[in-house]
Structures are given as structure tokens and as C-alpha cells.
Amino acid sequence: MTAPALIALAHGSRDPRSATTITALTELVACMRPDLRLEPAFLDLAEPDFDQVVDRLVTEGHQEIVVVPLLLTEAFHANVDVPHAIKSALARHEGIKIQATKVLGIENAFFHVLDKRLREALSKNRVRELDALVLAGAGSSDPIANAAISRAARAWGAHHKLPTIAAFASSVPPAAGEAVRAHRADGRRHIAVGQLFLAPGVLPDRVTELAYEAGAVAVAEPLGVDVEVARVILARYAVGAVDLVPLEALFA
């Protein structure tokens, strides 16, 4: 039988760099699994939207679809927007099955990508010494989502044996600039900032601007297109496919 189709569902942004990055990431996933029917989609602010992609797949004859939310924390978009979008699609198409997986979350593999982006920023800015780090994420009204960013900051800092502060681009303090200034108040002068975002956009740009204004020596790019991220997408898909179609049916 045909494997379920895969929709890689991102939040979306008015910044075209975001959609370009997400599309390139899904193309990498497609290269790794050329047997899968795969499409990117966006919840808001970019196209194609989720409804368009579901309609297209159903028209092609796909009856089983796995949705992998390209989100790094469990917050409003994961808990409300994604289920609502799936419910709406199921109401429009009788007889199809759609299974949403867990969000990408902050997997250990992503710390390797953070390190890679940090090394790129340090090389670009010709920085040879660090005495502190900041790890910036989106920020949310959901304290559980913010706690995930804070845990990631502690883990990243412990790995590098450097004091590390979690920062947030919206909703809650500290902002990236405040975090950098807190380190500087403690006498540290060589502070770099990592970014827990999948793609460029308004919020990552704001993090970069505030961090440099406060005296950061380097700000890394978002995670972006990387094989480690692609592998996590495929891992989520694999679990979703088994949940959607029993294992014995997949190999019947």
C-alpha cells in the first residue's frame, strides 16, 4: 500500500525568507525519502496554506496524511491552531484520515545545529573568545513552552561550560538585549547569542538587533536547512504513520 502523505506544517511569516527556508527544508526531507509524497504548508501569513495542500493531496487520491508541525515548543499553535486546521479539513473531506504528530520540540540533535550556526557567526565576526552565551527563542504566553527554552539554555550552557541566559523575542522577559546586558553587568564582555528558530523572520531579526545593540560579539542564524532537522521531521512522520495506519497494514 502507499505510505501516507506528509505535510510539514509551519507557522508562516510575512517575511519571504521564512517560507523559502521551510520549502528548502522540506525539499531536503524529500531528497532523503523520495518515496514519500511531501508538501510544505503554513498555518498563516504564507502560502500554500494547510487547506490548499490537503485539497491537493485528496484530489491526487491520498486518503491518509501525516502532519508534522514544524514547531519547537508546545504552545498555542500546536495545541489550538493545528487541531483546528485538521478538524476543518476532515469536515471537508469525508473518509480521509489525518494524523498530527508531536511538534519537533527541542531535540538533542538540534544542539549540534546550534553549535554549527554559532561557529559560523563567530567565524564571520572573527571572534576567538567567549565568556557567556544567550539562547533566544520565540517566547509564549504558555509558561511550559518558555520553560522548554530555559531548559535548552541550561543544557547548551552546561555543554560549553559557559554561563547562559534564556531570552525571548516576545511575550515574556528577558529580551535578548536584556540578557546580554545582564552578562555584561557581571563583567563578561564576549557574549554570543544562539537562536532557537527554524527560519529567518521578524522575531529572529529583532533578537539580532537587540543583541548587537547591547554589545553581543556574535549572533547566530536560526537553525535553517540542516540534515539534523530533516531527520527529526522524518522520525516524527514515522511515528505518525504507524499511528495512522497499523504496522501490519503497512507491510501487508
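Cut-off values and rules
Residues numbered from 1 in each chain as written. Predicted model: local features only at pLDDT ≥ 70, side-chain atom pairs only at ≥ 80, totals over all residues. Heavy atoms only, no water. Buried < 20%, exposed > 50% of the residue type's maximum accessible area, 1.4 Å probe, protein only. Helix = DSSP H or I, 4+ residues; strand = E, 2+ residues; numbered from the N terminus. Pairing = 2+ DSSP bridges. Right-handed = clockwise from strand over helix to strand, strands pointing away. Axes fitted to C-alpha atoms, helices over the stretch in contact; angles between N-to-C directions. Left-handed = near helix turned anticlockwise from the far one by under 90°. Contact = heavy atoms within 4.5 Å. Nonpolar A, V, L, I, M, F, W, Y, C, P; charged D, E, K, R; others polar.

A.B. asks: Could you clarify how one ought to interpret the pairing of strand β2 (residues 38-42) in this entry?
C.D. replies: Walk down a regular strand and you will see the side chains alternate between the two sheet faces. Burial runs high along β2: 5 of the 5 residues are buried. Note that strand β1 (residues 5-10) and β2 share 5 bridges and pair parallel. Among the inter-strand pairings, leucine 6 is bridged to a residue of β2, identified as leucine 38. A crossover links β1 with its parallel partner β2, the connecting element being helix α1 (residues 16-32), and its sense is right-handed.

A.B. asks: I keep staring at the sheet that holds strand β7 (residues 191-195) and nothing clicks. Help me out?
C.D. replies: Read across the open sheet, the 4 strands follow the order β6-β5-β7-β8; overall the sheet is parallel. Here the strands that pair on one side only, and so sit at the sheet edges, are β6 (164-168) and β8 (218-219). Pairing of strand β5 (residues 132-137) with β6 involves 5 bridges; the strand directions are parallel. The residue of β6 that forms the bridge with valine 134 is isoleucine 165.

A.B. asks: What's the story with the pairing of β7 in this structure? I'm lost.
C.D. replies: A large share of β7 lies buried, amounting to 5 of its 5 residues. Both faces of β7 are covered, namely the face carrying Ile191, Val193 and Gln195 and the face carrying Ala192 and Gly194. Across 2 bridges, β7 lies against β8 in parallel orientation. Residue pairing across strands places valine 193 opposite valine 219, the latter belonging to β8. One crossover worth recording links β7 to the parallel β8 by way of helix α7 (residues 202-214), and it is right-handed.

A.B. asks: What exactly am I supposed to notice about the packing of helix α2 (residues 50-59) against helix α3 (residues 76-92) here?
C.D. replies: Interaxial distance between α2 and α3 falls to 10 Å at its minimum, and their mutual angle equals 35°. Crossing angle aside, the handedness with which α2 passes α3 is right-handed. The segment α2 lies against α3, with Phe50, Asp51, Val54 and Asp55 engaging Ala85, Ile86, Ser88, Ala89 and Arg92. Grouping the amino acids of the contact of α2 with α3 by side-chain chemistry returns 5 nonpolar, 1 polar and 3 charged.

A.B. asks: Would you take a moment to explain the environment of glycine 157 for this structure?
C.D. replies: Here glycine 157 shows up in helix α5 (residues 143-160). Along the backbone, glycine 157 and leucine 135 are 22 residues apart, and their C-alpha atoms lie at a distance of 8.9 Å. When neighbours within four sequence positions are excluded, glycine 157 is seen to be in contact with Leu162 and Thr164.

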